[in-house]
Amino acid sequence: MMDLKPGSRWRSTVCDVELVVIRPPKSPATLECGGYQVIPHGEARPEGRSIAEDFAGGSQAGKRYADDETGLEVLCTKAGAGTLTIGGRPIGAKEAKKLPASD
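Residues numbered from 1 in each chain as written. Predicted model: local features only at pLDDT ≥ 70, side-chain atom pairs only at ≥ 80, totals over all residues. Heavy atoms only, no water.

Caption draft 1: Focus on the overall build of the chain. Along the chain, the regular secondary structure elements total zero helices and ten strands. Buried positions account for 37% of the 103 residues belonging to the chain. For the chain, the proportion of contacts with a sequence separation of at least 24, taken over those separated by at least 6, is 60%. Surface accessibility of the chain: about 6,300 Å² in total, with carbon and sulfur atoms responsible for 49%. Averaged over its 14 positive side-chain charges, the chain has a centre that lies 6 Å from the centre of its 14 negative ones. (Helix = DSSP H or I, 4+ residues; strand = E, 2+ residues; numbered from the N terminus. Buried < 20%, exposed > 50% of the residue type's maximum accessible area, 1.4 Å probe, protein only. Contact = heavy atoms within 4.5 Å. Areas by Shrake-Rupley, 256 points an atom, 1.4 Å probe, with all protein chains shown as cover. Lys, Arg positive; Asp, Glu negative; His and termini not counted. Charge placed at Lys NZ, Arg CZ, Asp CG, Glu CD.)

Right, here's the structure in full:
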């Protein structure tokens, strides 16, 4: 079971993606990148894995990725080639909030 608590740092096992949890999921969830479960930041990557073809859409540094279904929100701190998913379901980047015009 993944302990996706706020401030915890995670990384992909198949690309350069690194993440920080902003908001934890409301119920247990499995966060993946490139088709494989992410690992705690300090853990060694397993050998011989490559990005799953269906999950090679990439993740951008500085973007927040959120899942409405679970409530999970993460910040991508290092970009990579893998797509972020929860239980195999892609999660998208949040749109930046529009600031009011200052006329």
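Caption draft 2: How the structure looks around the pattern of salt bridges. Applying the stated criterion across every chain yields a total of six salt bridges. In this structure, R89 and E69 form a salt bridge, with 3.4 Å as the shortest nitrogen-oxygen distance. Highlighted residues: R89 in strand β9 (residues 89-90) and E69 in the loop between β6 (64-66) and β7 (73-78), separated in sequence by 20 residues. Its relative accessible area of 60% is what places E69 among the exposed residues. Via salt bridges that share partners, R23, R64, E73 and K94 belong to a single interconnected network. (Salt bridge = Lys/Arg side-chain N within 4 Å of Asp/Glu carboxyl O.)

Caption draft 3: Fine view of the side chain of R11. By the element assignment, R11 lies in strand β1 (residues 9-11). The charged side chain of R11 is buried without a salt bridge, its nearest counter-charge being E18 at 5.0 Å. Polar contacts involving the side chain of R11 include one to the main-chain carbonyl oxygen of H41, which spans 3.5 Å. Looking at R11, its side chain comes within polar contact range of the main-chain oxygen of E43, at 3.0 Å. The contact partners of R11, leaving out residues within four places of it in the chain, are V17, E18, V38, I39, P40, H41, E43, A44 and R45. (Polar contact = N/O pair within 3.5 Å; in protein donor to acceptor, adjacent residues only side chain to side chain.)

Caption draft 4: Focus on the pairing of strand β2 (residues 18-23). Of the pairings in the sheet, the one linking β1 to β2 comprises three bridges and is antiparallel in character. Across the sheet, the residue bridging to R9 is V20, located in β2. Where β1 folds back on β2, the antiparallel hairpin that results is connected by six residues. Inspection of the sheet shows β2 paired to β7 by five bridges, in the antiparallel sense. Within the sheet, the bridge partner assigned to E18 lies in β7 and is K78. (Pairing = 2+ DSSP bridges.)

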